[in-house]
Amino acid sequence: MNFIKRVFDEKIDDETHAQFQKFSRGEFKNRAMIKAKKVKDKYTISTTSEFANEFVKIVAEKLGNEKTKVSGALISTADLGNEIDYQSKKQFMGVKQYVINKEMSGNEIISLIEKFPKVFFALSFDSGKGDILKTKAKAPKSAKPKNKDEAPKPDFCKLITNDEKIVKEIIWESDFKNAEIFHDFIIESIVIPESIKKEKDFAIVREKSLRKGKVVRRGIIDDKEIKEVVDVEA
């Protein structure tokens, strides 16, 4: 289940909290964007970077013990040099990019995700079962459209699959041929848990505080407009 589905199902967890902890108060439009199409029994789903780690985990779970060629990068501010097997390393402004280009099993990938939950997994590979993931091998940035009134393109991740169960977790409203979904995060307040109210380290306070507000899900599915709003504290 991806973090947007967990928000609307009111099943907030640590992974969901991690998606919101970077936000301050305010309205943040056009986040977690999705563009999808269905041709016969195959779905192509393109998204912004928020879905990257979850897509990697989904395809890795399908891959399981089997191995496949994995390419891309693990991106982190922490030093992972002695923790992972990588082919080369790039670094800019404190952000380290560990280039991956090797055979890996799905279980090996999942193990890394579980060991390094704060690392960004910009990986491309296929499950061998009809699922193909392509992710841009770079650090995610807020997409900036040329026109301020134009939404950015959801082209950071592309998942091709014939697994309807996966698709229903991403676009659950109805079956479709074409769909575009946008999310607006409206952060109304920052909630500091009692357990950290005496914490002096602002970085820890920022990381552990909860963002309270609303998530607006809007879009067009086969020419029909949709809109759903849910309260969130994550």
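Taken together, eleven strands build an open sheet; the order of strands is E4-E5-E3-E6-E7-E8-E2-E1-E9-E10-E11 and the sheet is antiparallel. Pairing within the sheet leaves two strands with one partner each, and these edge strands are strand E4 (88-92) and strand E11 (224-233). Each strand of the sheet is rotated relative to its neighbour by a mean of 20 degrees, with strand direction disregarded. Here strand E1 (residues 26-39) runs beside strand E2 (residues 42-47); their pairing, made up of six bridges, is antiparallel. Pairing of isoleucine 34 across the sheet is with threonine 47, part of E2. In the packing of helix H3 (residues 52-63) onto the sheet, contacts are made with E2, strand E3 (67-76), strand E5 (95-105), strand E6 (120-126), strand E7 (132-135) and strand E8 (157-161), and the angle to E6 comes to roughly 40 degrees.

According to the stated counting rule, one finds 18 salt bridges in the structure shown. With a closest N to O distance of 3.3 Å, lysine 38 and aspartate 175 form a salt bridge. Here lysine 38, found in strand E1, pairs with aspartate 175, found in the loop between helix H5 (164-170) and strand E9 (178-191); they are 137 residues apart in sequence, far enough to count as distant. Lysine 38 sits in the partly exposed class, given a relative accessible area of 23%.

Taken together, the side chains of Lys35, Lys37, Lys134, Lys153 and Lys158 present a region of like positive charge at the surface. Of note, lysine 153 is situated in the loop between E7 and E8.

Right, let's talk about the packing of H3 against helix H4 (residues 106-115) for a bit. Interaxial distance between H3 and H4 falls to 7 Å at its minimum, and their mutual angle equals 145 degrees. Where H3 crosses over H4, the handedness of that crossing is left-handed. In this structure, H3 contributes Asn53, Val56, Lys57, Ala60, Glu61 and Leu63 to the contact, and H4 contributes Gly106, Ile109, Ile110 and Ile113. Across the contact of H3 with H4, the residue classes tally to six nonpolar, two polar and two charged.

Bringing the nonpolar core into the picture now. The biggest cluster of nonpolar side chains holds 58 residues, and the ones touching the most others in it are Phe20, Leu74, Ile109, Leu123, Phe125, Ile171 and Phe185. By residue number, the principal contributor to this core is H3, which donates six residues. Setting aside its immediate chain neighbours within four residues, phenylalanine 125 contacts Val56, Val59, Ala60, Leu63, Thr68, Lys69, Val70, Ile109, Asp131, Ile132 and Leu133.

So, on to the packing of aromatic side chains. For the structure shown, the criterion picks out eleven aromatic pairs. Plain terms: the ring middles of tyrosine 43 and phenylalanine 176 are 5.7 Å apart, the flat faces sit at 55 degrees to each other, and that makes the pair tilted. Within this pair, whereas tyrosine 43 is found in strand E2, its partner phenylalanine 176 is found in the loop between H5 and E9, the two being separated by 133 residues in sequence. One exposure class covers both tyrosine 43 and phenylalanine 176, and it is buried. Feature note: the residues Phe3, Phe20, Phe23, Phe28, Phe51, Phe55 and Phe185 constitute an aromatic cluster, connected by ring pairs. Seen from the ring of tryptophan 172, lysine 5 lies directly overhead, with NZ or CZ sitting 5.4 Å from the centre. Positioned above the aromatic ring of tryptophan 172 is the side chain of arginine 217, whose terminal nitrogen or guanidinium carbon lies 3.6 Å from the ring centre.

Let us now look at the side chain of aspartate 131. Tracing the backbone shows aspartate 131 in the loop between E6 and E7. Looking at aspartate 131, the relative accessible area reads 1%, which means it is buried. Polar contacts involving the side chain of aspartate 131 include one to the side chain of lysine 62, which spans 2.7 Å. Polar side-chain contacts of aspartate 131 include one of 2.5 Å to the side chain of threonine 161. With residues near it in sequence (within four places) discarded, aspartate 131 still touches Val59, Lys62, Phe125, Asp126, Ile160, Thr161, Asp163 and Ile166.

Right, let's get into the pairing of E3. Note on strand geometry: in a regular strand, side chains alternate between the two faces of the sheet. Burial analysis of E3 places seven of its ten residues in the buried class, which makes it a mostly covered element. Summarising the sheet, E3 and E5 pair through ten bridges and their orientation is antiparallel. Looking at the pairing, serine 71 lines up with asparagine 101 of E5. Two strands pair when backbone bridges link them, and E3 and E6 are joined in this way by five bridges, in the antiparallel orientation. Its bridge partner being in E6, leucine 74 is matched across the sheet by phenylalanine 121.

Rules used in this analysis
Residues numbered from 1 in each chain as written. Predicted model: local features only at pLDDT ≥ 70, side-chain atom pairs only at ≥ 80, totals over all residues. Heavy atoms only, no water. Pairing = 2+ DSSP bridges. Helix = DSSP H or I, 4+ residues; strand = E, 2+ residues; numbered from the N terminus. Axes fitted to C-alpha atoms, helices over the stretch in contact; angles between N-to-C directions. Contact = heavy atoms within 4.5 Å. Salt bridge = Lys/Arg side-chain N within 4 Å of Asp/Glu carboxyl O. Buried < 20%, exposed > 50% of the residue type's maximum accessible area, 1.4 Å probe, protein only. Patch = residues over 30% accessible without salt bridge, like charges linked within 9 Å, V, L, I, M, F, W, Y side chains within 5 Å. Areas by Shrake-Rupley, 256 points an atom, 1.4 Å probe, with all protein chains shown as cover. Lys, Arg positive; Asp, Glu negative; His and termini not counted. Charge placed at Lys NZ, Arg CZ, Asp CG, Glu CD. Left-handed = near helix turned anticlockwise from the far one by under 90°. Nonpolar A, V, L, I, M, F, W, Y, C, P; charged D, E, K, R; others polar. Core = buried A, V, L, I, M, F, W, Y, C linked by side-chain atoms within 4.5 Å. Phe/Tyr/Trp six-rings, centres within 6.5 Å; stacked < 30°, edge-to-face > 60°. Lys NZ or Arg CZ within 6 Å of the ring centre and 35° of its normal. Polar contact = N/O pair within 3.5 Å; in protein donor to acceptor, adjacent residues only side chain to side chain.

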